[in-house]
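# Fold and geometry: a report
As a plain string of letters, each chain reads:
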Amino acid sequence: MKRPFVIVALPYAAGVVAAEFFPAPYFPPLALALLLAALSVAWARARPVLLALALALAGFGNLAFRTAIVSPQDLRATFGGRIEQVVLRGALVETPYHRVFERDEEESWRTIAQLEVTTLQLPGNDWQPARGRVAVSTPGVLAGNFFAGQTVEITGVLRPPQSPMAPGQFDYCAYLRRLGIHHQLQTAATNDWQLPAPALAPPLADRFGRWAKATLALGLPEEDEPLRLLWAMTLGWKTALTGEVSEPFMRSGTMHVFAISGLHIALIAAILVGLLRVCGMPRGWCGLVVIPLIWFYTGVTGWQASAIRSTIMMTIVIGGWSLRRPGDLLNSLAAAAFIILVAEPRQLFQAGFQLSFFVVLSLALFVPVLDEVRRRGLQPDPLLPDELRPRWQLWSRKALHQITASFTTSLAAWLGSIPLVAYYFHLFTPVSLLANLIVVPLSSLALTANLASLLVGGWLPSLAEIFNHSAWLWMRLMVGISEWAAALPGGCWHIRAPSFLAFALYYGALVSVMAGWLARPRMRVWVGAGLALLAIAWTVQWRRESSVTRLTILPLGGGDAIHFDAPGRRDDLLVDCGDESAVQFLMNPFLRAEGVNRLPRLVLTHGDVRHVGGVELLLRRFPAEEICHSMARFRSPVWRELADKLEKTPGLAKAIRRGDRLGPWTVLHPAAEDQFPQADDNTLVLRGEIHGARVLLLSDLGKPGQSVLMERNPDLRADIVVAGLPAQGEPLANALIEAIQPRLIVITDADYPAAARASRKLRQRLATHNCPVIYTRERGAVTLSFSSDGWRSSVMKEAKGARPAPGGEITPDESP
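Keep in mind it's a predicted model, so treat the numbers as computed, not measured.

Rules and cut-offs
Residues numbered from 1 in each chain as written. Predicted model: local features only at pLDDT ≥ 70, side-chain atom pairs only at ≥ 80, totals over all residues. Heavy atoms only, no water. Buried < 20%, exposed > 50% of the residue type's maximum accessible area, 1.4 Å probe, protein only. Helix = DSSP H or I, 4+ residues; strand = E, 2+ residues; numbered from the N terminus. Pairing = 2+ DSSP bridges. Right-handed = clockwise from strand over helix to strand, strands pointing away. 1 Å grid on protein atoms, 1.4 Å probe; cavity = no way out; pocket = protein on both sides within 12 Å on 5 of 7 lines; lining within 4 Å. Points joined across faces, edges and corners; volume = space filled by probe spheres on them. Expected span 1.5 Å × (residues − 1). Contact = heavy atoms within 4.5 Å. Salt bridge = Lys/Arg side-chain N within 4 Å of Asp/Glu carboxyl O. Axes fitted to C-alpha atoms, helices over the stretch in contact; angles between N-to-C directions. Parallel < 35°, antiparallel > 145°, perpendicular 65-115°, else oblique. Phe/Tyr/Trp six-rings, centres within 6.5 Å; stacked < 30°, edge-to-face > 60°. Core = buried A, V, L, I, M, F, W, Y, C linked by side-chain atoms within 4.5 Å. Patch = residues over 30% accessible without salt bridge, like charges linked within 9 Å, V, L, I, M, F, W, Y side chains within 5 Å. Areas by Shrake-Rupley, 256 points an atom, 1.4 Å probe, with all protein chains shown as cover.

Moving on: the pairing of strand β19 (residues 693-699). Of all 7 residues in β19, 6 are buried, a share of seventy percent or more. Direction of pairing for strand β18 (residues 685-690) relative to β19: antiparallel, over a ladder of 5 bridges. Bridging from a neighbouring strand, L686 pairs with L697 of β19. Remark: 2 residues form the turn of the hairpin made by β18 and β19, two consecutive strands paired antiparallel; H691 in that turn has positive phi of roughly 50°. Note: β19 against strand β20 (residues 720-723), 4 bridges, orientation parallel. Pairing of V695 across the sheet is with I720, part of β20. Where the polypeptide runs from β19 across helix α23 (residues 703-712) and back to β20, its parallel neighbour, the crossover connection is right-handed.

Attention now moves to the layout of surface pockets. The calculated volume of the second largest pocket comes to roughly 560 Å³. As for the second largest pocket, its lining consists of 34 residues, and the residues nearest its centre are D608, D680, L725, P726 and A727.

Take helix α16 (residues 461-486) next. Between its first and last C-alpha, α16 extends 37 Å over 26 residues, near the 38 Å set by a 1.5 Å rise per residue. Buried residues of α16: A464, N468, A471, M475, M478, V479, I481, S482, A485 and A486, and no others. Where α16 is buried, its residues touch α6 (204-216), α7 (225-235), α8 (243-252) and α15 (432-456).

In this section: the pattern of salt bridges. A full pass over the atoms with the stated rule returns 29 salt bridges. Across the pair D371 and R375 runs a salt bridge whose closest N-O atoms are separated by 3.2 Å. Taken as a pair, D371 and R375 lie in helix α13 (residues 351-378) at a separation of 4 residues, close to a single helical turn. You can call R375 partly exposed: its relative accessible area is 47%. Two residues, R694 and D715, come together in a salt bridge whose shortest N-O distance is 3.5 Å. Remark: D715 occurs in the loop between α23 and β20 and R694 occurs in strand β19; sequence separation between them is 21 residues. Within this structure, E689, R694, D715 and R717 form a network of salt bridges that share partners.

Trans peptide bonds make up the majority, and among non-glycine residues the majority have a negative phi. The peptide bond linking H669 to P670 adopts the cis configuration, its omega dihedral lying at 0°. Locating P670 in the fold gives a position in the loop between β17 (665-669) and β18. Although it is not a glycine, H426 adopts a positive phi angle of roughly 55°. When you line up the elements, H426 lands in the loop between α14 (391-425) and β8 (427-428).

Quick look at the side chain of Q347 now. With respect to the secondary-structure elements, Q347 resides in the loop between α12 (329-343) and α13. For Q347, the contacting residues outside a window of four places in its chain are A305, R309, I340 and F353.

Another aspect to go through is the packing of α6 against helix α10 (residues 283-300). Helix packing for two helices is described by the angle between their axes and how far apart those axes are. At their nearest, the axes of α6 and α10 sit 8 Å apart, and the two run at 85° to each other. Taken together, the axes of α6 and α10 lie roughly perpendicular to each other. Where α6 approaches α10, its residues L204, A205 and F208 are matched on the opposing element by F296, G299 and V300.

Time to look at the pairing of β18. Across the 6 residues that make up β18, a large majority, 5, are buried. Pairing analysis gives 4 bridges linking β17 to β18, with the strands arranged antiparallel. Paired with T666 across the strands is R687, a residue of β18.

Strand order in the open sheet made by the 7 strands is β16-β17-β18-β19-β20-β21-β22, with mixed pairing throughout. Each edge of the open sheet carries a strand with a single partner, namely β16 (661-662) and β22 (773-775). In terms of strand pairing, β20 meets strand β21 (residues 744-747) through 4 bridges, oriented parallel. Bridging across to β21, V721 finds its partner in I745. With respect to the sheet, α23 is in contact with β17, β18 and β19, its orientation differing from that of β17 by roughly 115°.

Here we come to the packing of aromatic side chains. For the structure shown, the criterion picks out 20 aromatic pairs. Note on F208 and F296: the rings are 6.1 Å apart at their centroids and 75° apart in plane angle, and the pair reads as edge-to-face. With F208 in helix α6 and F296 in helix α10, this pair connects stretches of sequence that are 88 residues apart. Given a relative accessible area of 40%, F296 falls into the partly exposed group. Through successive ring pairs, a cluster of aromatic residues spans F358, Y423, Y424, F503, Y506 and Y507.

For the rest of this paragraph, the subject is the nonpolar core. Counting residues in hydrophobic clusters, the biggest one holds 36 residues, and the most contacted among them are M233, F258, V290, I294, M475 and M478. Of all the secondary structure elements, the ones that give two or more residues to this core are α7, α8, α9 (262-278), α10, α11 (305-322), α15 and α16. A total of 7 residues in this core trace back to one element, the largest contributor, which is α9. Leaving out residues up to four positions away in the same chain, F258 has contacts with L229, A232, M233, L241, F249, M475 and M478. Ranked by size, the runner-up nonpolar core spans 31 residues in total, among them L556, V583, F590 and A624.

A contiguous nonpolar surface patch, about 410 Å² in accessible area, is contributed by W285, L288, V289 and L293. Structurally, the position occupied by L293 is in helix α10. The exposure class assigned to L293 is partly exposed, which follows from its relative accessible area of 38%.

Dropping the structure here:
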């Protein structure tokens, strides 16, 4: 049978996917899978169908079992969604590692770990058995005497992982769930970690990691960024890849070189096999030596998921080569996928798994086709013998063959990963075709130099220093080239995540072209018809979505931002952006997910630091074509500094006042002559009319400003009103609510600081009005969608006790 593991892996993976979308108990599908497998032994004619069904049911049951609450001591059964102060005892799944974050130009360190819980203690109670894996987060840097496998006691607050506050943010809750983690323990300090028993000796991976880091630093003058990146690339050291450091690699499409994945394992295996073959070792013995060595490398670098996936696949490839079996990359890929999904079916839904296997699948399917096209294009004149050609032409032909071969490999990988990169990272990186041609060979040189340093570092340090300087040079070139490629105009674009129809249409068209189906008369009609139907369905979906106008209200910790996305770009605008922390951790991922590369218009309502403190950082990442601000003067130092910089760019800033229009928005307040003592009373108030619905944006307007607004605008009626919390007083006085007569109120409050929380008095007062109120502190970002059929609202989080409409939407007639 040709490619038997493909036939095995596909139905099994289909069963895993079905279990994700149709949850069910695990025992019936597993029992039925065993029954069908037994029946296939006796019924030969139906064996292929029965085995396929058995494999699908086995995949379904495996995922259902992994996600089910089996033990009554499971933390999900004990706590559910409650938040409790606890002491947990258990074994560390991995050695804790550190992450560094930069906020307001200050670095803060945090220790991350995973704990396999065995017992727990509630305040005032005895120890009780417990089961479950917990993610632990601790401020500061933990001491170096905590290692994988150790039994520890940790005191902290146990809670379910928090879901994202706004679209585009990394969904840490979903990420942990894919790892089988449903609770997070937040500790106050490193003192909350205790060792109930004497400390154990560090495991081999930790001892090797310390020795390897020291060896790779031999001869280098300091611990700088290239050295830390070399540690990350060679040893899987996670601390080096901060957001700022990894940004140019993400934008240039070269971030994959830092994951211990197929490139690393294949290069190490190739070096080892080459050395052993030069020494005259037979194939069989090569496999027996190389396979344990690459598994050793995977172990000492921390058993990372990407490394395990690559090592399994390389084990299959090297094993087949050693046994002189015919090689088939597709069959080896399917075998590796099947083994991984049997061991952990949840990996199928992880971005790393999908990207790894889609890239390798693309190489297997597309490289032969592209290579054939390349060879035809470079085929010289067959009537002219090589003896009559100039030497430079022969040399250049060899170089051109090498360059174009690398290009076709890069092109195949890029074509296969475009939709996935767009879905998970909201990036389209055509520059990666160029960047990878240079960065991948440089990374291979750097990795080879590091491996050579590790081989000779223990007995010939002087030679290791030479290798280290070589690796440092290659890494420095990698950083420079990635930064240059990321800065190229048009090299990287932010795009929205593609839909399922877009995935199907793209891969259907790509495979049809590469496989030559459209060139075969018998298949052309059916394949063309299928692609045409997909194209029509996608076009209808795209036109429907592009006709919708969206208004997204983002809570930013004491401030807020409002993004207005109308059909086209002309009327799009962003109202405020928050401080630098808000821009870095919320606005940046949100705007990327919205596919924003430039801001047509940025509106600054007033000079408060929590609304406009991050403007400079925002403009560095998303340049604005026009910046509108109030004519009022603000005393905030942040505003004064920003105003001075805006004046230095003629034509960028524009002062607006009452009566001015910004697309569908009209400025209602303040007038040109207004100058209130409190900055909040000078805030810009906008009212828009979208598909017949009125929206009023009040920002942090205080009571005096509200009074003037009502005096000057007798007709303030609006379907939706969005208000922040002024520094003094409360938003939305009763008289103002009566004048607006809203059908929905959105209050942009937040947990921190305390002054940004809606008070109980305010909540009680607003509850007396016959109108639903959404508090962003509880519900996260609010998205208002407007179309010819009306408007609707949706939130990021469901409120406790609420009964939202399907899909998490809240209609105007439902109380949140």
